[in-house]
Amino acid sequence: MIQESEYKKRRDLIAKKLVKNSLAVLFSNSYKNRSNDTDYPYRQDSNFYYLSGFKEDNSALVIFKSATNIKTILFVEKKERLKELWNGKRVGRKKAKKRFLFDEVYDYSEFESKLKELMLKIKTLYFDFKLDYSKVKVLKRYAKNLPTHKNIAPLVASMRLIKSDAEIKLIEKAISITQDAHHKVISLDKDGLYEYHLQSEMEYVFKNSGAYSDAYTSIVASGNSANTLHYISNDKILLEDSLILIDAGCEYEYYASDITRTIPVSGQFSDAQKELYEMVLDVQLKIIAMIKPDEKRTLLQEKAEILLTQGMIRLGILKGSYKKLLKKKKHKKYYPHGIGHWMGLDVHDMAPYKDENDKEIPLKKGMVLTIEPGIYISKNDKCVPKKFRGLGIRIEDDILVTKNGNKNLSSNIAKTVDEIEKLSFTISTSKNT
Ligand code: GLY
Ligand code: MN
Ligand code: MN
């Protein structure tokens, strides 16, 4: 739970960053059409939510900053009996005023007239430059004579970089549900199952544990499918001797988790699978161990590329000196992606990697990032020893930067070969007795 006072603190902080005689406007998300008259499940805009804690659509948040004064205003959808009959209860103006600690709350129907009035008093308008054009049009209608437009998104993004204790608790809760889901599929008897069976088992655990949704579309990629990085069709049968790369995490109270485990269908790694898996795992552990305040993400990336390249040479996947191979970017064929990303309200959290002078932002206490090295070898790759062809492995954990180092928030999810095999065997053994 995040207290209303925390949202208010965030608004106070962002108000301080605005220039005087300005107005900042953020809108709730709109429903997105799925097909004909059905919509996708609604998800609030992350920046709007970060500053308001308000979950409804058709709402807006306004911060007015004069030379001497700051005023925060929330616009909410009116309570209307007939609309509520179809679409559910609204908080409404009166309750919102009591609960959400804004200076003023109005019906959304008053938004344009208030906007018009406030625009006359300011010189700078802040809004999210990625806003839907329909909403930009409304703003521009009243902001015709304003000399300056500024993007509010980077200001919110820089605040989202450091997580509060309450935010970390929600991320931990999301991860603990995701842990149950991964453990459930690891321990499942997979004989005759398809990838989507594992996906449905995981997403059942998410929903059944009170998680709103998955934080991104689950990837359940068995065998060679794991070599398609964003594989989401999840429609293949699980073959006895293959690995399954599962990249799936729930969203709990708007906070993401992002976990990948790669597990054997049979419950037991073959020697070649184990060799490659333990190479990736060793790299992952070494990179996680580097995480501490003042360390740089690009250094983690560089180190991961060095270690993976050295590992691939050791296993006969690449040939030559690691320095030359790195220089020629030969490793990119098998490890083409980044070592990780910020995580929070969004799985790829909208927080900056560089400061306003284009300099890299070093790690700080309270940041949360993923560490996810991987190796992907196509079944048709004739340059690689046969035993490794068709293997795709990624191992991903969610890491909190602490005062003196880091805490792996997902360290309880089975990860070593031994842990995974032990968990797999619980069910196989009980089935046989
Ligand atoms: N699940 C998306 C990612 O790992 O970045
Ligand atoms: Mn990730
Ligand atoms: Mn992931």
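Refer to the structure printed above.
The rules behind each value
Residues numbered from 1 in each chain as written. Chains lettered and ligands numbered in written order. Predicted model: local features only at pLDDT ≥ 70, side-chain atom pairs only at ≥ 80, totals over all residues. Heavy atoms only, no water. Helix = DSSP H or I, 4+ residues; strand = E, 2+ residues; numbered from the N terminus. Rg over C-alpha atoms; globule rule 2.2 N^0.38 Å. Areas by Shrake-Rupley, 256 points an atom, 1.4 Å probe, with all protein chains shown as cover. Lys, Arg positive; Asp, Glu negative; His and termini not counted. Charge placed at Lys NZ, Arg CZ, Asp CG, Glu CD. Buried < 20%, exposed > 50% of the residue type's maximum accessible area, 1.4 Å probe, protein only. Contact = heavy atoms within 4.5 Å. Near = heavy atom within 4 Å. Polar contact = N/O pair within 3.5 Å; in protein donor to acceptor, adjacent residues only side chain to side chain. Patch = residues over 30% accessible without salt bridge, like charges linked within 9 Å, V, L, I, M, F, W, Y side chains within 5 Å. Salt bridge = Lys/Arg side-chain N within 4 Å of Asp/Glu carboxyl O. Phe/Tyr/Trp six-rings, centres within 6.5 Å; stacked < 30°, edge-to-face > 60°. Pairing = 2+ DSSP bridges. Axes fitted to C-alpha atoms, helices over the stretch in contact; angles between N-to-C directions. Expected span 1.5 Å × (residues − 1). Donors = N, O, S within 2.8 Å, 3.2 Å for Na, K, Ca; no water. Tetrahedral: all angles 85-135°; square planar, octahedral: opposite > 155°, others 65-115°. 1 Å grid on protein atoms, 1.4 Å probe; cavity = no way out; pocket = protein on both sides within 12 Å on 5 of 7 lines; lining within 4 Å. Points joined across faces, edges and corners; volume = space filled by probe spheres on them. Nonpolar A, V, L, I, M, F, W, Y, C, P; charged D, E, K, R; others polar.

## Points about the overall build of the protein
The helix and strand tally for the protein stands at 13 helices and 19 strands. Computed over the C-alpha atoms, the radius of gyration of the protein is 25 Å, within 12% of the 22 Å expected from 2.2 N^0.38 for a compact globule of 433 residues. If one aligns the C-alpha atoms of the protein with their principal axes, the spans along those axes are about 70 × 50 × 40 Å. With the model as given, the accessible surface of the protein reaches about 21300 Å², and the carbon-plus-sulfur share is 52%. Across the protein, 76 positive and 58 negative side-chain charges occur, with their mean positions spaced 6 Å apart.

## Here's the deal with the environment of K97
On the secondary structure map, K97 appears in helix α4 (residues 92-99). You can call K97 partly exposed: its relative accessible area is 40%. Taking the C-alpha atoms as reference points, K97 and L74, 23 residues apart in sequence, are found 8.5 Å from one another. Not counting chain neighbours up to four residues away, the residues in contact with K97 comprise F102, D103, E104 and V105.

## Here's the deal with the site of ligand 1
Lining the immediate environment of ligand 1, one finds Y216, D247, D258, H341, H348, E372 and E396. At a separation of 3.1 Å, a nitrogen atom of ligand 1 approaches a polar side-chain atom of D258. In this structure, an oxygen atom belonging to ligand 1 sits 2.6 Å away from a side-chain N or O atom of H348. In the complex, the protein chains occlude 86% of the 200 Å² of accessible area that ligand 1 would expose alone.

## Description of a nonpolar patch on the surface
A contiguous nonpolar patch, built from L82, L85 and W86 and spanning about 430 Å² of accessible area, is present on the exposed surface. Tracing the chain through its elements places L85 in helix α3 (residues 81-87). For L85, a relative accessible area of 60% corresponds to the exposed category.

## Regarding the packing of aromatic side chains
Two aromatic rings, taken as a pair, are described by how far apart their centres are and by the angle between their planes. Using the criterion set out here, one finds 13 aromatic pairs in the structure. Relative to Y49, the ring of Y7 lies with its centre 5.9 Å away and its plane at 75 degrees, an arrangement referred to as edge-to-face. Taken together, the positions of Y7 in helix α1 (residues 4-17) and Y49 in helix α2 (residues 46-52) put the pair 42 residues apart, joining distant regions of the chain. The exposure class assigned to Y49 is buried, which follows from its relative accessible area of 5%. Taking the centre distance of 3.9 Å and the plane angle of 15 degrees together, the rings of Y49 and Y254 count as stacked. Highlighted residues: Y49 in helix α2 and Y254 in the loop between β12 (250-252) and β13 (255-256), separated in sequence by 205 residues.

## Concerning the sheet that holds strand β10 (residues 219-222)
Strand order across the open sheet formed by 3 strands is β10-β11-β14, with antiparallel pairing between neighbours. With partners counted over all chains shown, the strands left at the sheet margins are β10 and β14 (260-264), one partner each. When the angles between neighbouring strand axes are averaged without regard to direction, this sheet yields 15 degrees. Bridge count between strand β11 (residues 243-247) and β14: 5 bridges; the pairing is antiparallel. Paired with L243 across the two strands is P264, which belongs to β14.

## Focus on the sheet that holds strand β9 (residues 213-214)
Spatially, the 3 strands line up as an open sheet ordered β9-β12-β13, and their pairing is antiparallel. Looking at strand neighbours, the two that pair on one side only are β9 and β13, the edges of this open sheet. Where β9 lies against β12, 2 bridges are found, and the strand directions are antiparallel. By the bridge assignment, S213 is partnered in β12 with E251.

## Structural notes on α1
Note: α-helices contain 3.6 residues per turn, so residues at a spacing of three or four share the same orientation. The first and last C-alpha atoms of α1 sit 21 Å apart over 14 residues, in line with the 20 Å expected at 1.5 Å per residue. Among the residues of α1, E4, E6, Y7, R10, R11, I14 and A15 are the ones counted as buried.

## So, the coordination of the manganese ion (ligand 2)
Protein-derived coordination of the manganese ion (ligand 2) comes from D258 (OD), H341 (NE2), E372 (OE) and E396 (OE), at a distance range of 2.0 to 2.2 Å. Coordination at the manganese ion (ligand 2) is irregular, judged from the 6 donor atoms that bind it and the angles of 52 to 155 degrees they form at the metal. All donors to the manganese ion (ligand 2) come from one chain, and their sequence spacing reads D-x82-H-x30-E-x23-E. The distance between the manganese ion (ligand 2) and the manganese ion (ligand 3) is 3.3 Å, with D258 acting as a donor to both metals. In this pair, D258 sits in the loop between β13 and β14 while E396 sits in the loop between β17 (392-394) and β18 (397-401), placing the two residues 138 residues apart along the sequence. Like D258, the residue E396 is buried in the burial classification.

## So, the coordination of the manganese ion (ligand 3)
Within the protein, the atoms that donate to the manganese ion (ligand 3) are D247 (OD), D247 (OD), D258 (OD) and E396 (OE), at distances of 2.1 to 2.3 Å. Coordination at the manganese ion (ligand 3) is irregular, judged from the 6 donor atoms that bind it and the angles of 56 to 169 degrees they form at the metal. Read in sequence order, the donor residues for the manganese ion (ligand 3) give the motif D-x10-D-x137-E.

## Focus on the layout of surface pockets
Considered as a void within the structure, the largest pocket measures approximately 1100 Å³ in volume. Surrounding the largest pocket, 36 residues form its lining, N29, K32, R43, Q44 and D346 being those nearest its centre. Listing elements by their share of the lining of the largest pocket, those giving two or more residues are β1 (22-27), α2, α7 (153-160), α9 (195-208) and β9. When residues of the lining of the largest pocket are assigned to their parent elements, the largest contribution, 4 residues, is made by α7. Its residues placed into classes, the lining of the largest pocket shows 15 nonpolar, 8 polar and 13 charged. In this structure, the second largest pocket occupies an estimated 390 Å³ of space. Classifying every residue of the lining of the second largest pocket by side-chain character gives 6 nonpolar, 7 polar and 5 charged.

That's the geometry; what it means functionally is another story.
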